[in-house]
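# Examining the three-dimensional arrangement
One-letter residues, chain by chain:
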Amino acid sequence: MTKKKDDQNQDLDFDLVEKWLENYFLDPLTSYYDQTQFQIDVYETDKEWIVEAILSQFEASEIQVYIEEEKLIISASKYPPSPDQQTRIRSIDFPYKINQRKVSASFSNGILEVFISKTEKGSGKNRFITLP
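Summarised in this report is the structure supplied together with it.

Applying the stated criterion across every chain yields a total of two aromatic pairs. When the ring of Y66 is compared with that of F128, the centres are 4.7 Å apart and the planes differ by 55°; the resulting orientation is tilted. Of this pair, Y66 sits in strand β5 (residues 63-68) while F128 sits in strand β10 (residues 127-129), placing them 62 residues apart in sequence. Between the NZ or CZ atom of K78 and the centre of the ring of F58, over which it lies, the distance is 5.6 Å. Geometry around W49 places K118 over its ring, the cationic atom sitting 5.2 Å from the centre.

Structural data, given as structure tokens:
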């Protein structure tokens, strides 16, 4: 089992993270939610995780990003609401507490990107992430 100490003195189990990614992308609900809610992709770089959500039907003011311990929750709702529009929600459970990481987000050309740092500390609190 491969482990690495991160800046917050937590053990990151890379085998666990790899298994988490495999389970996420092979889960049939992932494809179902991609089609019925909105599409999400997860990317990894050396310094961060990037969650990309395709939200071309929405404006930045209609999107909320919330982190709660190890869960990232993205919701989008048209404003003003109409009877044929419902709130669209996706959540991703990470294998570690992302609320203890620096998290930022940007929205441009219908694509939301959420950046979760692997190295920089966050507040440790559940919180909404503000879109610029």
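By secondary structure assignment, the location of E62 is in the loop between β4 (48-54) and β5. Take E62: its relative accessible area is 10%, and that puts it in the buried class.

The rules behind each value
- Residues numbered from 1 in each chain as written.
- Predicted model: local features only at pLDDT ≥ 70, side-chain atom pairs only at ≥ 80, totals over all residues.
- Heavy atoms only, no water.
- Phe/Tyr/Trp six-rings, centres within 6.5 Å; stacked < 30°, edge-to-face > 60°.
- Helix = DSSP H or I, 4+ residues; strand = E, 2+ residues; numbered from the N terminus.
- Lys NZ or Arg CZ within 6 Å of the ring centre and 35° of its normal.
- Buried < 20%, exposed > 50% of the residue type's maximum accessible area, 1.4 Å probe, protein only.

Read these as layout, nothing more, since geometry by itself doesn't imply function.
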